[in-house]
Structure formats: C-alpha cells, structure tokens
Amino acid sequence: MNALAAIALSALLALPAAAKPVRPGKAAPARKAAPARKSPPARNVVRAKARARRRAPAKRREAPARPAPVALLHPPIYSTAPIVFVSPPEGLELSADHEFVLGGVYDPKARFTINGATIAVHKDGGFLAWLPVSPGTFTFHAELALASGTVSADRTIFVPPAPQPLPEDRLAIDPSSLFPKEDLVLRAGDWWTARMKATPGRPAAVRVGSGPWREMRETDRRLGLYEADLQVAPGERFGPARVEYRIGSGWSSVRVKGGARVTATDAAPEVAVVRPEANGHANLKIGPGEGFLSFPPAGTRFLATGRRGSSVRVALSPELSGWIEAKDVDLSTAAAPPGAVTANVSVTVDAAQAVMRVPLTDRVPFTVDEDPALGRLTLRLYWTHSHTNWVSYEGLDEFVRAVTWRQESSSVMAVTILLRPGERLWGWRADEDAGGLRLVLRRPPVVDPRRPLAGLRIMLDPGHTSAPYDGATGPLGTREPTANFAIAQAVAARLRRDGAIPLITRASLADDVPLARRPLLAEEENADLFVSLHNNALPDGSDPFSVPHGFMIFYYHPHSLDLARALHASYEKDVKLPDEGLKWGNLLVARLTDVPAVLVESTMMIFPDQEAMLNDPAFRDRLARAVVAGLKDFARRDGARRRR
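Note that the coordinates shown come from a computational prediction; the quantities given were computed from them, not determined experimentally.

What counts, and at which threshold
- Residues numbered from 1 in each chain as written.
- Predicted model: local features only at pLDDT ≥ 70, side-chain atom pairs only at ≥ 80, totals over all residues.
- Heavy atoms only, no water.
- Helix = DSSP H or I, 4+ residues; strand = E, 2+ residues; numbered from the N terminus.
- Buried < 20%, exposed > 50% of the residue type's maximum accessible area, 1.4 Å probe, protein only.
- Contact = heavy atoms within 4.5 Å.
- Areas by Shrake-Rupley, 256 points an atom, 1.4 Å probe, with all protein chains shown as cover.
- Axes fitted to C-alpha atoms, helices over the stretch in contact; angles between N-to-C directions.
- Parallel < 35°, antiparallel > 145°, perpendicular 65-115°, else oblique.
- Left-handed = near helix turned anticlockwise from the far one by under 90°.
- Pairing = 2+ DSSP bridges.
- Core = buried A, V, L, I, M, F, W, Y, C linked by side-chain atoms within 4.5 Å.
- Phe/Tyr/Trp six-rings, centres within 6.5 Å; stacked < 30°, edge-to-face > 60°.
- Lys NZ or Arg CZ within 6 Å of the ring centre and 35° of its normal.
- Salt bridge = Lys/Arg side-chain N within 4 Å of Asp/Glu carboxyl O.
- Expected span 1.5 Å × (residues − 1).
- 1 Å grid on protein atoms, 1.4 Å probe; cavity = no way out; pocket = protein on both sides within 12 Å on 5 of 7 lines; lining within 4 Å.
- Points joined across faces, edges and corners; volume = space filled by probe spheres on them.
- Nonpolar A, V, L, I, M, F, W, Y, C, P; charged D, E, K, R; others polar.
- pLDDT = per-residue confidence, 0-100.

### Let's talk about the overall build of the protein chain
- Helix and strand counts for the protein chain stand at seven helices and 38 strands.
- Split into buried and exposed, the 644 residues of the protein chain put 47% on the buried side.
- For the protein chain, contacts bridging at least 24 residues in sequence account for 68% of all contacts bridging at least 6.
- By element, 53% of the accessible surface of the protein chain is carried by carbon and sulfur atoms, the whole surface being about 31,600 Å².

Set out below in structure tokens:
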C-alpha cells in the first residue's frame, strides 16, 4: 500500500458507519422493516432496535477484522511528484565507485529503473539501490512507467577522477598535496612528517625556512608521492617558517613553499588553563581528532608543550601527553607551572553513594580508571606530590572496603578505592571541591525483584534535533528525530506502567536540546539509568547489501557494559531484525559516567521495509517492550544485592 492509499484508508476507517461510501457497482443495502407488533412501540424505540440489528454480526458469515491503518510518522513527500530522491543529496562529492540511492515513487507496482537497471520497490513505494558511478559529473536518471506515460527524474553528484601522476617530461610539484597543512610548534625529540606529490622518479627534498635540505623518499612510484619523517634535534631552534619542497636537483630543480609554518623551540612551556564552558568540561584527546583521554573541568592547569593547528598538546606528566582544543584553554607564559600537594583523604558512605575527598593545593589534571569487574576505581593525580598521613572513613561501612594510595612516579599519585566483595560500582562523578577534588561513587539503587523498575528514574534520550539533515532519513522521508521521539514516548508509557519515573531529554519534537547538554540533564535530574534512542543509516559509498543490517547496542564505560548486554539480549529475543552486535563506541552520550548509559540503534532505517516498521505503532511498541525488558533484567540482576 502506498502512502496515498494508507491515508485514504485512514480517512475511510475514521468515518462513521452511515457515512462510509458505497463501492462502485454495488447497491446500497436495503433497510429491514421492523416486525409488526400488536402494540407498536414508540418510533424512537423501533429505530434503535433496527440499528442494533443492522450492527449485529451475521451468524454464519462473520466479517474478517480489518487491520488498523498504519500511523505514518512523516508526510508522504513522494506524493508531490512521481519520483522523489532522498539520498544522495544533489551535488554530493563522492570518492567511491558505487553509491546507494534511496527515495520513493508514486506507484510501487509500476516498472522503475535507474540508469537502465530495474529497481525493486517496496509495497509502500520506498526504494534502496546500490549502483555504480563513474568519475566526473554523474547523473542518476530514474524512470517510472506509469499507465499515463513514463516519467523521469534526475539526481546529480560529482565523483572526483582517480589520482593521476604528474607528467614525467617536466619537473612539477602539486601545491594541493603539500603536507603539513597546519602550523606546528615542536620541541626536541618531536617527530613530524612532510609529504608532497611531484614528478615521479626524481630526487626530492624538504626544508624549513633557510635550514638544511632533508631527503624525501618516494612512497609511490606510479603517482610520484614523496614523504620524509623528521625529528627535532636537542637544542635545535627554527621558525616559525614555511616548509619548502624541492623536486629534482641543481639549477633545473623546482621548489614550492607550503602554507603551514613550523617552529622548533626550547623555551619554557606555557601554562594552559581550561576555560569555563557551558558543558562543564573540555575534551582531552590522545591525539587531534582521536580518542578521549579525560574530561578536565574548568580551571585545570597543564603545561603546553606543542601545537598542531587548532589543537594544543599538553603534558599530564613527563611521560603522558594529550591534546586539547586551543579555544578551550587560556595560555600564559607568566603563570607558575602546575603542581599540587595532597593532604589527608576522607571517605563518607551513605545509602546512595560514597564520597571521597582529596585535598589539593592546585587544580591539576586527573584521570579515573574503572576496574572491569567494577570492584575498584583508581584516581590518578598528575603533577602531584602526596603528603597524606591518614585516610578517614565515615558513615556506613558496607560499600567501601578500603582506600589505598601510592606515588607512582615523581609527578603522579594514584588513589584506589576498593569496594567490599559482592559490591559493584553503578557510576561515578569527579569534580572540583573546595580546596581539592571530590570523587562520588554511585551505589546500585534498591530494587524490588517483583517490580525491578519501580521508583527508578530513567532518562530517555530521543536522538538528534529537528534541524535539517540532523539524523538519518528513510526512503519515504521518515525523519530519524521523529522516529526516535515516537519510540521514546512508547518506552515512557511502558515504564510508567512498571512504576518507573521516565525522564526525556526532549519535551517535544521542536525542543532542540544540544547534544552535549543531554548527558548533563541525566546528572541534573538524578537519573538512575540513561538510554539514548536512535535509528541508523550508512555513510555514502557504503554497500547496504554487503552484510545484513538491523539493530546494534553501544556502551563506553565498563559500568555500562552489563546494561548494554541486557538490552542486546532483549533485542535478540524480541526484535526480528538482523543483529549487528554489541559494540564499544566512542559516542558522547554513552560517555556519561554518573550512571549506566547506552545508545541503541533500533533499525537501519534507510531500508524500505525497516522504515515501514518504524511507521507502525505496533513495531514501535515492540521496540519499547524490548527496551523495558532489558532494563528490567539489568535492574533485577544488578540490584539484587540491595533488595528491599
């Protein structure tokens, strides 16, 4: 059934019985007269009984139940034209030899082709195709053979031509190939890489400013790709100066200067201080654009030891460095270097949590590491010297067994909290306290095994916003933010029936909550669990038919793994779609530390049949049932240690 037919059926079924139109070629049924009676009743009673008889089902030929119409989440965009392309977007630049194309057609039974290839169309009119492309301006030409005549539509993209070598009959350097492309600030011992594309098979060299030429090796003889790995020598200073590249030798050589400037310095490092941010912390990464190392709060102080473009390298210790965005820190040459001394440590335990306070004389960097078994947590304080003479314990003693510490190196102190046997970490939060650092360890909530979700505060996060192109879009135009919100509403309804307190990051479809704000809402609302609800798509140039696609579950911290496993097992049991697995994922909302947090991709909604499922309230309720069942199983098992 296409979308127009579904809407017509919805309208038809919504009409009262007397207003339903009669099918062409069939006469309207005659009304049966009321049987004669010796004492005729009042006219309104006769009419009421006649209506009751007409509505009563026949004894022998019972009419089959008519299925409820599908409640569409989206307007049927393809009703405005016989053929509608959803993806790829017009003018996309794609470096691949194939691309998937999705959209909808008005008549799903009509023959539909793209570039001459017959394309299968879902009964609702959606299609997904995987088609070859060629370099240059490439057009997908679609044709739909309607009864009234063939209609067509085009979608154009650009495929860059395959890389070609420069001519060998003359020396040349491709200026667009020069690397590095960003300014660098380096110190003794640092390595950096220079690259270029030039005439193949010739001697090549590189230098900074007026410094000595360094030989470049040819890494690809066919394309003429050259590379040099360079290290700053002890005591070496130069720049800032542009990098110069050379191909050939002698008077006939060709030289080109790149745009990036490189500096080698042995000056005292600047001090970088994390700026106050609305999100409450900055991101410290292993390398620019790479994985996360920690999330330092405002005021944290580092030594700045290098720079690459907009990223600053900072030292947590002489042995460990990370990278932070320059916009997130203030740099100073006058500030004292970071350095802290600890005092006596205290631990306070109550029914909900344990709070450890570590006095510090400076706001130094720190990291927190969870033991995979969730029986211990280690806080590492950098640029820190321990002067801790005792550890005091206050409150209940049934959660924390002991706190130990040691000076791991001259600048790193490690404090470890050991939990009692049988206890497990639910989540944690580290923040600045008056005169030091406070580390809060969440205890599992008290759970009633008969109603394991009763009283739990569960934050549901319908992913994405209403902004155009935020999230995936199905072949018929179903927007992922809309589907996510509908699923969240279904989950919330089931949670209420189980006595839980559902919280939702978005109050409505128009409520565009920033991504970084969503995990903070879980902290502010004192949530016990966090579930981010999504539906998936593939990146351009990916073959949608290479492997089966369906649902997948993501987690980040070890304390969230069991929740992810419980939801994955529930989806395996109840959601009849391909299982793409349980995955560790470096996703912002899953990095929440306070409570177990997961991200669920329920479908691969670019497939027409899975989009149709999302538009079916019964399927969304099945997804909600799977989510709630997984939450119950996790709470029942993990909360059994603290039953009422």
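### Some remarks on the packing of helix H5 (residues 561–574) against helix H7 (residues 617–638)
- For the pair H5 and H7, interaxial distance at closest approach is 8 Å and the crossing angle is 140 degrees. By the criterion of interaxial angle, the relationship of H5 to H7 is oblique. At the point where H5 passes H7, the crossing takes the right-handed sense. Here Asp562, Leu563, Ala566, Leu567, Ser570, Tyr571 and Asp574 of H5 come into contact with H7, specifically with Arg622, Leu623, Ala626, Val627, Ala629, Gly630, Leu631, Asp633, Phe634, Arg637 and Asp638.

### A closer look at the pairing of strand E9 (residues 191–197)
- The buried count for E9 comes to five of seven residues, which makes it a mostly enclosed element.
- Bridge count between E9 and strand E12 (residues 225–231): seven bridges; the pairing is antiparallel. Looking at E12, one finds that arginine 195 is bridged to glutamate 227.

### Regarding the nonpolar core
- Among the nonpolar cores identified, the biggest contains 55 residues, and Leu453, Ile458, Val491, Leu495 and Leu631 are the most heavily contacted of them.
- Of the residues forming this core, the biggest block, nine residues, is contributed by H7.
- Not counting the four nearest positions on each side in its chain, leucine 631 is found in contact with Leu453, Ile458, Leu495, Leu529, Val531, Leu563 and Leu567.
- Counting 46 residues, the second-largest nonpolar core is a separate cluster that includes Val274, Phe302, Ala326 and Val358.

### What about the sheet that holds strand E32 (residues 436–442)?
- The strand order E28-E23-E24-E32-E31 describes an open sheet built from five strands, whose pairing is mixed. Sheet topology places strand E28 (391–395) and strand E31 (427–433) at the edges, where each strand pairs with a single neighbour. For this sheet, the mean angle separating the axes of adjacent strands, direction not counted, is 15 degrees.
- With four bridges connecting them, strand E23 (residues 345–349) and strand E24 (residues 353–359) associate as antiparallel partners. Paired with valine 347 across the strands is methionine 356, a residue of E24.

### Some points on the sheet that holds strand E2 (residues 98–105)
- Taken in spatial order, the three strands line up as E1-E2-E5 in an open sheet, and their pairing is antiparallel. The open sheet has two edge strands, strand E1 (83–87) and strand E5 (126–132), and neither has a second partner. The sheet shows a mean angle of 35 degrees between the axes of neighbouring strands, taken without regard to direction.
- Direction of pairing for E1 relative to E2: antiparallel, over a ladder of four bridges.

### Quick notes on the packing of aromatic side chains
- Taken as a whole and assessed by the stated rule, the structure comprises seven aromatic pairs.
- Ring centres of tryptophan 426 and phenylalanine 634 lie 5.3 Å apart, and the angle between their planes is 35 degrees; this geometry places the pair in the tilted category. In this pair, tryptophan 426 is assigned in the loop between strand E30 (412–419) and E31 and phenylalanine 634 in helix H7, connecting sequence segments 208 residues apart.
- The cationic tip of arginine 246 hangs over the ring face of tryptophan 213; the distance from NZ or CZ to the ring centre is 4.5 Å.

### Regarding the pattern of salt bridges
- Applying the stated criterion to the full structure yields 33 salt bridges.
- With a closest N to O distance of 3.2 Å, arginine 155 and glutamate 90 form a salt bridge. With arginine 155 in strand E7 (residues 149–159) and glutamate 90 in the loop between E1 and E2, the pair connects residues that are 65 residues apart, well separated along the chain.
- Overall, arginine 155 belongs to the buried group, its relative accessible area being 15%.
- In this structure, aspartate 562 engages arginine 424 in a salt bridge whose closest nitrogen and oxygen atoms are separated by 2.4 Å. Placement of aspartate 562 in helix H5 and of arginine 424 in the loop between E30 and E31 is noted, with a sequence separation of 138 residues between them.

### Side note on helix H3 (residues 480–497)
- Here H3 spans 26 Å end to end across 18 residues, near enough to the 26 Å set by a 1.5 Å rise per residue.
- A large share of H3 lies buried, amounting to 13 of its 18 residues.
- Among the residues trailing H3, glycine 499 stands out with phi positive, at a value near 85 degrees.

### Things to note about the pairing of strand E18 (residues 301–308)
- For E18, a buried count of six out of eight residues is recorded, marking the element as mostly surrounded by other parts of the structure.
- Judged from the four bridges that link them, strand E15 (residues 270–274) and E18 form a sheet pairing that is antiparallel. Looking at E18, one finds that valine 271 is bridged to leucine 303.
- Connecting E18 to the antiparallel partner strand E19 (residues 311–317) that follows it, the hairpin turn spans two residues, and glycine 309 within it adopts a positive phi of roughly 60 degrees.

### Focus: the layout of surface pockets
- By volume, the second largest pocket amounts to about 1,300 Å³.
- Forming the walls of the second largest pocket are 47 residues, and the residues nearest its centre are His281, Ala282, Ser294, Phe295 and Thr593.
- Elements with a contribution of two residues or more to the lining of the second largest pocket: strand E17 (292–294), strand E20 (320–325), strand E25 (366–370), strand E26 (376–382), E31 and helix H4 (517–524).
- For the lining of the second largest pocket, the class distribution of residues is 22 nonpolar, 11 polar and 14 charged.

### Some words on the environment of valine 341
- With respect to the secondary-structure elements, valine 341 resides in strand E22 (residues 340–341).
- What valine 341 contacts, discounting residues up to four positions off in sequence, is Pro359, Leu360, Thr361, His385 and His387.

### Brief notes about the confidence of the model for the protein chain
- When the pLDDT values of the protein chain are averaged, the result is 87; 86% of them are 70 or greater.
- Note on residues 1–71: pLDDT is under 50 here. Beyond four places in sequence and across chains, it has 41 contacts.

### Quick notes on unusual backbone geometry
- The omega torsion of the bond from serine 87 to proline 88 falls at 5 degrees, within 30 degrees of zero and hence cis.
- With respect to the helices, strands and loops of the structure, proline 88 is situated in the loop between E1 and E2.
- In the segment running from phenylalanine 179 into proline 180, the intervening peptide bond is cis, with an omega of 15 degrees.
- Assignment of secondary structure puts proline 180 in the loop between E7 and strand E8 (184–186).
- A positive phi angle is found at leucine 374, which is not glycine, with a value near 60 degrees.

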